[in-house]
There are 2 protein chains.
Amino acid sequence: MTPINLAEKLSTFTAHWSPRIVGAFNGHDLMVVKVQGEFVWHDHPDTDDFFMVLCGELIIDLPDSTVTLTPGEVFVVPKGVRHRPRATVETHLLLIEPAGTPNTGDPATAATKVRI
Amino acid sequence: MTPINLAEKLSTFTAHWSPRIVGAFNGHDLMVVKVQGEFVWHDHPDTDDFFMVLCGELIIDLPDSTVTLTPGEVFVVPKGVRHRPRATVETHLLLIEPAGTPNTGDPATAATKVRI
């Protein structure tokens, strides 16, 4: 029963594209992640994908467009829509996904999500 | 397919304790709200309650403790746990609840959630 301080959680690691679980909400994992560079194109057939930028700038390539998110902005990639997150500067995100969702859309290539 | 700028959404209204729906995620409403003063004690028997402070300071009274949240902090009230949010200064929040959840826990007293 203590607040989750996202910046404090983010200060405990340096790896990119390696989400850390910081809480739980209605069967979903609340996660923070540091990103820089390009992730892989992927989709999640069974879940929407929630992104909130805490610092930096996140670019999400979509099949027919590109969105750019700055701090305080949220974007939800609808389930089944292919997307590629990328960032030119180190960017910190809050992510929300159903517990167990592979971050690449494929369990074989997904990062292990460590709880911190 | 555009980013949701939370500060921009919050700039469109002044009412307190009147959540506005700004997006959707896996059957949940994404909402912003401005709060100041005391809300009512209530619980949500079927859903956890997600709070993230964007600016200001949120105090959440719980049955046996009180938590204080500052900007960048998240707190999840587990389903069924009674709580009373309050704020001494105007505070802006991101809330996430299953679509249709009454903000007071009771449809009879709940605020209408307007989509903006």
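Worth saying up front: this structure is predicted, and the values here are computed from it rather than measured.

## Quick look at the overall build of chain A
Then, number 1: When its secondary structure is counted, chain A shows 1 helix and 9 strands.
Then, number 2: Reading chain A from its N terminus to its C terminus gives the helix and strand order β-α-β-β-β-β-β-β-β-β.
Then, number 3: Against the compact-globule benchmark of 13 Å for 116 residues, chain A has a radius of gyration of 13 Å, which places it among compact chains.
Then, number 4: Along the first, second and third principal axes, the C-alpha atoms of chain A reach 40 × 30 × 25 Å.
Then, number 5: The proportion of buried residues among the 116 residues of chain A is 50%.
Then, number 6: In chain A, of all internal contacts separated by at least 6 residues, the share reaching a separation of at least 24 is 61%.
Then, number 7: By element, 52% of the accessible surface of chain A is carried by carbon and sulfur atoms, the whole surface being about 5,000 Å².
Then, number 8: Charge centroids of chain A, computed over 9 positive and 14 negative side chains, lie 6 Å from each other.

## Thoughts on the interface of chain B and chain A
The parts lose accessible area when they come together, and the size of an interface is often stated as this lost area.
Then, number 1: Tallying the contact residues gives 31 residues for chain B and 31 residues for chain A.
Then, number 2: Summed over the shared surface of chain B and chain A, the number is 0 salt bridges.
Then, number 3: At the junction of chain B and chain A, the tally comes to 12 residue pairs in polar contact (both at pLDDT 80 or more).
Then, number 4: Among the secondary structure elements, those contributing two or more residues to the side of chain B that touches chain A are strand E1 (4-5), strand E2 (20-25), strand E3 (28-38), strand E4 (49-55), strand E6 (66-69), strand E7 (73-77) and strand E8 (84-98) of chain B.

## Observations concerning the relation of the copies chain B and chain A
Then, number 1: Once chain B has been moved 0.0 Å along the axis and rotated by 180°, it coincides with chain A to within an RMSD of 0.0 Å. The superposition of one copy onto the other is thereby described by a two-fold rotation axis.
Then, number 2: Most of the interface of chain B is mirrored in chain A, where 100% of its interface residues again form contacts.

## Let's talk about unusual backbone geometry
Residue and element names in this part refer to chain A.
Then, number 1: In this structure, Trp 17 is a non-glycine residue whose phi angle is positive, near 60°.
Then, number 2: With respect to the helices, strands and loops of the structure, Trp 17 is situated in the loop between helix H1 (6-10) and strand E2 (20-25).
Then, number 3: With a phi angle near 50°, Asn 26 is a residue other than glycine that sits in the positive phi range.

## Details of the environment of Asp61(B)
Residues and elements named next belong to chain B.
Then, number 1: The residue Asp 61 is located in strand E5 (residues 58-61) in this model.
Then, number 2: You can call Asp 61 buried: its relative accessible area is 5%.
Then, number 3: Spatially, the C-alpha atoms of Asp 61 and Arg 84 are 5.0 Å apart, while their sequence positions differ by 23 residues.
Then, number 4: Ignoring anything within four residues of it in the chain, the contact list for Asp 61 reads Trp 41, Thr 66, Arg 82, His 83, Arg 84 and Arg 86.
Then, number 5: Of note is the side chain of Asp 61, whose polar atom sits 3.0 Å from the side chain of Thr 66.
Then, number 6: Only 2.6 Å separates the side chain of Asp 61 from the side chain of Arg 86, close enough to count as a polar contact.

## Details of the pairing of E4(B)
Residue and element names in this part refer to chain B.
Then, number 1: Of all 7 residues that make up E4, 5 are buried, and the element is covered over most of its length.
Then, number 2: Both E4 and E7 contribute to a ladder of 4 bridges, which runs antiparallel. Bridge pairing in E7 links Phe 50 to Val 76.
Then, number 3: Summarising the sheet, E4 and E8 pair through 5 bridges and their orientation is antiparallel. Paired with Met 52 across the bridge in E8 is Leu 94.

## A short note on the nonpolar core
Then, number 1: Counting 28 residues, the largest nonpolar core has Leu30(A), Phe50(A), Leu30(B) and Phe50(B) as the members making the most contacts within it.
Then, number 2: Among all residues touching Leu30(B), those that are not within four sequence positions of it are Phe50(A), Val74(A), Val76(A), Ile4(B), Arg20(B), Ile21(B), Val22(B), Gly23(B), Ala24(B), Phe25(B), Leu95(B) and Ile96(B).

## Things to note about the pattern of salt bridges
Then, number 1: Under the counting rule described, the total for this entry stands at 8 salt bridges over all chains.
Then, number 2: Glu97(A) is paired through a salt bridge with Lys113(A); the nearest N and O atoms lie 2.7 Å apart. With Glu97(A) in strand E8 (residues 84-98) and Lys113(A) in the loop between E8 and strand E9 (114-115), this pair connects stretches of sequence that are 16 residues apart.
Then, number 3: When the shortest N-O distance is used, the salt bridge between Asp61(B) and Arg84(B) registers 2.9 Å. On the criterion of sequence distance, the pair formed by Asp61(B) in strand E5 and Arg84(B) in strand E8 is long-range, its members being 23 residues apart.
Then, number 4: Connected through salt bridges with shared partners, the residues Glu38(A), Asp61(A), Arg84(A) and Arg86(A) form a single ionic network.

What counts and what doesn't
- Residues numbered from 1 in each chain as written.
- Chains lettered and ligands numbered in written order.
- Predicted model: local features only at pLDDT ≥ 70, side-chain atom pairs only at ≥ 80, totals over all residues.
- Heavy atoms only, no water.
- Helix = DSSP H or I, 4+ residues; strand = E, 2+ residues; numbered from the N terminus.
- Rg over C-alpha atoms; globule rule 2.2 N^0.38 Å.
- Buried < 20%, exposed > 50% of the residue type's maximum accessible area, 1.4 Å probe, protein only.
- Contact = heavy atoms within 4.5 Å.
- Areas by Shrake-Rupley, 256 points an atom, 1.4 Å probe, with all protein chains shown as cover.
- Lys, Arg positive; Asp, Glu negative; His and termini not counted.
- Charge placed at Lys NZ, Arg CZ, Asp CG, Glu CD.
- Salt bridge = Lys/Arg side-chain N within 4 Å of Asp/Glu carboxyl O.
- Polar contact = N/O pair within 3.5 Å; in protein donor to acceptor, adjacent residues only side chain to side chain.
- Least-squares fit on C-alpha atoms with pLDDT ≥ 70 in both.
- Pairing = 2+ DSSP bridges.
- Core = buried A, V, L, I, M, F, W, Y, C linked by side-chain atoms within 4.5 Å.

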